[in-house]
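The residues making up each chain are set out below.
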Amino acid sequence: MPMSLRKACLVASSATLLLVLGLSATTVAAFTVSVNSGTGAPLEDVVVSITASGESGKPRPPAGKAEIEQRNLQFDPPLLVIPTGTAVEFPNRDSTRHHVYSFSHAKTFEIRLYNGLPPAPIIFDQPGAVALGCNIHDQMQAYIYVTDADDWRLTDASGGARLAIPESVSKVSLELWHPRLRGDALTQVVKAPFPEELSFTLDVRPPLPRHRESGSSLQQRFDQLAQ
Amino acid sequence: MKLVPRRFRTKLLLTMVVLVLFVELTTIAAVLRTTYRDTVAQAHARLASGVEVMYQTLAESRAQLLERVEVLAADFGFRSALATGEASTIASVLANQAGRAGADQVLLLAPDGAIQIALPDRTASADSGMFKALLAEAERNGRATVRAVRAGGAYQFVMVPVSAPELIGWVVMGFELDNELASVLSRVTGLEVLFSIQQNGRELSRVSTLDRDEQWRFPVDRLPEQPEGGRSTTTLVEDGVILATTPLSTPSGTQASGRIYGAVLLEESEVLRAHGELRRDLIVIFGLTLLFSVLAAFGLARAIGKPLMQLAQFARTIGGGGSAKAPRIRDRGELGLLARTLENMQNAIRAREARILHQSRHDQLTGLPNREAAESYLAEQIAQNRPCLVLRIALRGFKEINESLGYAFGDQILKAAALRIRAATSGGDRVFRVGGNEFLSVMNCEPASPDITALEVRFRERVERPIDLMESPVTLRIDLGIIALPEQAATVEQVLRRSAIALDRSGTASGRTAVYEAGEDEVHLRELTLTRDLQRSLAAGQMRLVFQPQITMRPAQVIQFEALLRWQHPELGFVPPDEFILLAERSGQVGFLTEWVIKAALAQIQQFRKDGFSQAVSINLSAHDLADAGLAGRILDQIAQRGLPPDVLTVEVTESALMEDPQQAVASLSALEAGGIDVAIDDFGTGYSSLAQLKRLPVGELKIDKAFVLNLASNHEDQMIVRSTIGLAHTLGLRVVAEGVEDLKSWQLLRGFGCDRGQGYLLAKPMEADAVIPWLRQFPEQLEADLNAAPERDAQARHDPEVK
């Protein structure tokens, strides 16, 4: 799963990067954010987003469409960062039905047992983290981070993310979020001149070992049959 | 006599019992000890495995609880309800899920571990230390469990995350270790189960399958501190319980969280019940074995003891001389050998007895049955009242033959005589050798009584034939004493004694044969009695002296007394002096009688003189006395000792006494005479003494025998003899005394013949010593005149046996 997650993030990041590069060619400054966990290890898949405060010379990324497909009893991608108001499709590419739900405050929804493409995409109209689950497949989990930020990156395997800042911007609000973060997202205002590198330490929970779902031999056999 | 077998039985019994007791008791002790140890060890093992099972069961149960709670926590409805964020909804859904899980407590914790809801109450929420630890574990492992004390109870807590799908909180459910669980554990382990809940070293409560009273009977709180994380087990045997305890609470390191101990236990009585049953069985077996061994010992003792008793009885019979058959003993071993040996012994004893009996009843020399055999044969004859003649045969002159020709020759004579006598008897007759030269022939004389004379003659003819012995012709001469049975003797003793009497007499009988005559035995017995009693008579005072006076004829004066010895036998009465003096002489006892007479006579003389009389006393001496050379000296000594003149004593001796040893008699009498003692010839006229001899004797007096005097008055021949004897005596210078003067006419005749003195019933009978003096005092008045006067007068006289 970590591989696919990373891949998914990479794709999303690349797309965003291309978009950002395409929209503003006048990027003059950039800095690198490196994040590690409380134990000192580099922390991957931290959503690092920046918002130029006050002087919005730069348009916010438009709310478009996105999708998280369900394939092989997994959400793909497992972590999706979208601007507020994005409509997300949840196409089911598995032979079994799925029951996608979220109890998160940013978006509470439920798509009851369905095959194929649900009738309508879900529009995430509030910023915040949304934890997605499938009610009949407990091991399926994904996060959608809905944000109003101008730009965002995910940290790579070494815990680093490089962010570009438009020339006109003198200070930015930096926000760090991670699915296992204890408490709220970390925000920090960074003023020009921007440092080359910013280091953060996030207090994250260790990943919870899954007992029932993945450990069950019955489940595994069922999975094999399903493929 | 039964003592020996009984003692044997007792010994055997005792040995068996002791042996059995020893073996049984040691075995039982060993078995009981081993089984006890085994039982206890088993109990301990059972408890140990019980602890293990309890532990495992609890672990299993915990895993199940975990699964159950996880399932409940994953329930979509539950998660939806939690997601609503409404406190009342959340509490009710928690209660609902707890009910489904069967939990006793349920808590909802925020992802950071803060207790948000606790059911059924929040009082224990202060115990956050425990939940922090739980949370740490749950974050690590995705779930957590703890067994701990909470709100005074023992609980199994299970903590699982609630994911929606991200972690939105923790659900903790507590399951009490209650009676139900204890019962389940009890069923699984087969033991009583108890949970002890302790806090701060104090026992808060107990949960047990035991009754409430029972479960507090024994201590649990004395347990040593269990090592952390250990699963050590301690066992305790106390108050009738065997208890294995192990800590159940999850080590938390803090005392405050309390401790839970799980114990499995067994009632000691229950554990030992099988042991007790075994013990009872063993005791029964022991009793039975003992009983059987006692019976076996009895049987064995009987099997050995009975033959032993039989053999003892057999041996006793043999010892008693009886005849018995050896007991049948079916034993090839020692007992059989003993029986056979005893039987052989009996036979040997019988043979030896027979030989000894034969020897004891037979004469070795002649081969004839001996005296003993004769006695038993005679006893038979008498018992059966069989008429027979008993011939007692003595070889005459056998002593001389032995002495002159030697004993070997004598033996040959005896053998020959035995053969002859045997030959002289007929088939049914029996011959015995009863003495050195004496034989006894018992001749049956049925049916007709035989002519004894003819028989005797025929017997002699056959026996008294000359025999040629060692080239010396010898003629056997036999004396025969014959007695006829059953008339003449009633006992064996009588037969032997009376035949001997007859044989004795045969020596003087004509034809050397004497047939026993009735009364001979009685005389013989009387003589034996008298001879035997003579010695005692003096000491017993049965002998006494009586005195008969001698009176001078011119004038009639009492001049002397003759002392006469009298014996009053206590059974036989008066014994005539002639009889017992003769017996005394034969048995050589006359000497001490004479000594006594001398002493008594002298004593009497002294009495006379004391009373003023001077009469002398005469005593009689026997031939035996005269042969005693010392007698004269002793008499004279005694007279001298008493200070008497010698002429107070006169001694009288008979003619026949003088004739036996004339030389010694003369010597003794001469000695007396020389000492001044007068000597008188007694019973003169009856013997064969010659006047020539009289002349040579130192004699001063003749006493004419009463045979010539008693009938003097009427017998002219006696008158002639007496007169001429008096004249002759006077011529020789001798004094004459007439004995047996019983009538006055004789007296007068004698006086006329010139006789010097008279003695007899006319004058006085012999009188007792104490009557002498009174008689002397009155004599002149009564007799003097008569005796001095001439007229004839008859005196009535009796013929008492009188005087020696």
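Shown above is the structure to which this text applies.
Just so it is clear, the structure is predicted and the values come from calculations on it, not from any experiment.

(A) Highlighting the overall build of chain A. Broken down by element type, chain A carries 3 helices and 17 strands. By residue count, 48% of the 227 residues in chain A fall in the buried class. For chain A, the share of sequence-separated contacts (at least 6 apart) that also reach a separation of at least 24 residues comes to 63%. Total accessible area on chain A stands at roughly 11400 Å², and carbon and sulfur atoms take up 55% of it.

(B) Here's a closer look at the interface of chain A and chain B. With 20 residues of chain A in contact, the opposing surface of chain B contributes 21 residues. Where chain A abuts chain B, roughly 1700 Å² becomes buried across the two surfaces, and 59% of that area is made up of carbon and sulfur atoms. Joining chain A to chain B, the criterion identifies 2 salt bridges. We note a salt bridge from Arg 182 of chain A to Glu 139 of chain B, for which the minimum N-O separation is 3.0 Å. The interface formed by chain A and chain B holds 3 residue pairs in polar contact (both at pLDDT 80 or more) in total. Of the residues in the side of chain A that touches chain B, the class split is 8 nonpolar, 6 polar and 6 charged.

(C) Seen up close, the pairing of strand β6 (residues 192-199) of chain B. Residue and element names in this part refer to chain B. Judged by how many residues are buried, β6 sits mostly within the fold: 7 of 8 residues are covered. Looking at chain direction, β6 and strand β10 (residues 259-267) are connected through 7 bridges and run antiparallel. By the bridge assignment, Glu 192 is partnered in β10 with Leu 265. Pairing geometry for β6 and strand β7 (residues 202-208), over 6 bridges, is antiparallel. Paired with Ile 197 across the strands is Ser 205, a residue of β7. Here β6 hands over to β7 after 2 residues, with Asn 200 in that stretch at a positive phi of 55°.

(D) Representation of a nonpolar patch on the surface within the structure. Side chains of Val 284, Leu 288, Leu 291, Phe 292 and Leu 295 of chain B sit close together on the surface and give an oily, nonpolar patch of about 500 Å² of accessible area. Tracing the backbone shows Leu 291 of chain B in helix α7 (residues 268-319).

(E) Representation of the packing of helix α18 (residues 631-641) of chain B against helix α20 (residues 662-674) of chain B in the model. All names here are of chain B. Following both chains from N to C, one finds α18 and α20 inclined at 20°, their axes separated by 8 Å at the closest point. Overall, the two elements α18 and α20 adopt an arrangement that is roughly parallel. Helix-helix and strand crossings are classified by hand; for α18 and α20 the assignment is right-handed. Along its contact with α18, which presents Ala 632, Ile 635 and Leu 636, the element α20 presents Ser 668, Ala 671 and Leu 672. Tallied by class, residues from the contact of α18 with α20 come to 5 nonpolar, 1 polar and no charged.

Parameters and conventions
- Residues numbered from 1 in each chain as written.
- Chains lettered and ligands numbered in written order.
- Predicted model: local features only at pLDDT ≥ 70, side-chain atom pairs only at ≥ 80, totals over all residues.
- Heavy atoms only, no water.
- Helix = DSSP H or I, 4+ residues; strand = E, 2+ residues; numbered from the N terminus.
- Buried < 20%, exposed > 50% of the residue type's maximum accessible area, 1.4 Å probe, protein only.
- Contact = heavy atoms within 4.5 Å.
- Areas by Shrake-Rupley, 256 points an atom, 1.4 Å probe, with all protein chains shown as cover.
- Buried area = accessible area lost by both parts, 1.4 Å probe.
- Salt bridge = Lys/Arg side-chain N within 4 Å of Asp/Glu carboxyl O.
- Polar contact = N/O pair within 3.5 Å; in protein donor to acceptor, adjacent residues only side chain to side chain.
- Nonpolar A, V, L, I, M, F, W, Y, C, P; charged D, E, K, R; others polar.
- Pairing = 2+ DSSP bridges.
- Patch = residues over 30% accessible without salt bridge, like charges linked within 9 Å, V, L, I, M, F, W, Y side chains within 5 Å.
- Axes fitted to C-alpha atoms, helices over the stretch in contact; angles between N-to-C directions.
- Parallel < 35°, antiparallel > 145°, perpendicular 65-115°, else oblique.
- Left-handed = near helix turned anticlockwise from the far one by under 90°.

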